[in-house]
Amino acid sequence: MIIDIKERDGGMTAIFNGRLDTPAAVKAQQEIGPLLENADKEIILDCTDLEYISSSGLRLFLTVRKEASVKGGKVIIQNINDEIRKVFMMTGFFNLFDIRND
């Protein structure tokens, strides 16, 4: 799993590449500090190259959402594939996040 975090237009973008399974989510928790620090802004979680997400990965996304909610920011999830879409539908993530496919 590779997470590339970039600052853009006053917000933040995190580009996920690979499998966000439990071991990767533990490592990613340490890498998302810039997102949490800038949670008062718009945060885009770009999932174009995300192949898989586990419950630990979902929890990571919820952590970002919770911090943004506290600080007045917004989280947008972009470009999920069909498998991740199914997971989001089963878990109710479609009701929690602004999900867009460009």
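Above this note sits the structure.
No experiment lies behind these values; they were computed from the predicted model shown.

Turning next to the nonpolar core. Judged by nonpolar contacts, the single largest core of 29 residues is most densely connected at Phe-16, Leu-20, Leu-45, Phe-61, Ile-77 and Phe-88. At the level of elements, strand 2 (11–20), helix 1 (22–31), strand 3 (42–53), helix 3 (55–71), strand 4 (74–78) and helix 4 (82–91) are the ones that each hand at least two residues to this core. Setting aside residues no more than four positions away along its own chain, Ile-77 makes contact with Leu-45, Cys-47, Phe-61, Phe-88, Phe-97, Asp-98, Ile-99 and Arg-100.

The next point concerns the sheet that holds strand 1 (residues 2–8). Pairing within the open sheet is mixed, and its five strands lie in the order 1-2-3-4-5. Looking at strand neighbours, the two that pair on one side only are strand 1 and strand 5 (98–100), the edges of this open sheet. For this sheet the average axis-to-axis angle between neighbouring strands, irrespective of direction, equals 20°. On the sheet, helix 1 packs against strand 1 and strand 2 and is oriented at approximately 160° with respect to strand 2.

So, on to the packing of aromatic side chains. Inspection of the entire model under this criterion finds five aromatic pairs. A ring pair is formed by Phe-16 and Phe-61, whose centres lie 5.2 Å apart and whose planes are at 55°; its orientation type is tilted. Of this pair, Phe-16 sits in strand 2 while Phe-61 is found in helix 3, placing the two residues 45 residues apart along the sequence. For Phe-16, a relative accessible area of 1% translates into the label buried. Residue classification places Phe-61 among the buried residues on the basis of a relative accessible area of 1%. For the ring pair Phe-88 and Phe-94, a centre distance of 6.5 Å and an interplane angle of 75° mean the geometry is edge-to-face. Its relative accessible area of 0% is what places Phe-88 among the buried residues. Taken together, Phe-16, Phe-61, Phe-88, Phe-93, Phe-94 and Phe-97 form an aromatic cluster joined through their ring pairs.

On to the pattern of salt bridges, then. Counting across every chain of the model gives seven salt bridges. Here Glu-31 makes a salt bridge to Lys-27, at a shortest N to O gap of 2.9 Å. Taken together, the residues Glu-31 and Lys-27, both in helix 1 and four residues apart, mark about one turn of the helix. The exposure class of Glu-31 is partly exposed, given its relative accessible area of 28%. Here the salt bridges share partners, and the residues they tie into one network are Lys-74, Asp-98 and Arg-100.

Definitions and limits used
Residues numbered from 1 in each chain as written. Predicted model: local features only at pLDDT ≥ 70, side-chain atom pairs only at ≥ 80, totals over all residues. Heavy atoms only, no water. Core = buried A, V, L, I, M, F, W, Y, C linked by side-chain atoms within 4.5 Å. Buried < 20%, exposed > 50% of the residue type's maximum accessible area, 1.4 Å probe, protein only. Helix = DSSP H or I, 4+ residues; strand = E, 2+ residues; numbered from the N terminus. Contact = heavy atoms within 4.5 Å. Pairing = 2+ DSSP bridges. Axes fitted to C-alpha atoms, helices over the stretch in contact; angles between N-to-C directions. Phe/Tyr/Trp six-rings, centres within 6.5 Å; stacked < 30°, edge-to-face > 60°. Salt bridge = Lys/Arg side-chain N within 4 Å of Asp/Glu carboxyl O.

These figures capture arrangement, not role.
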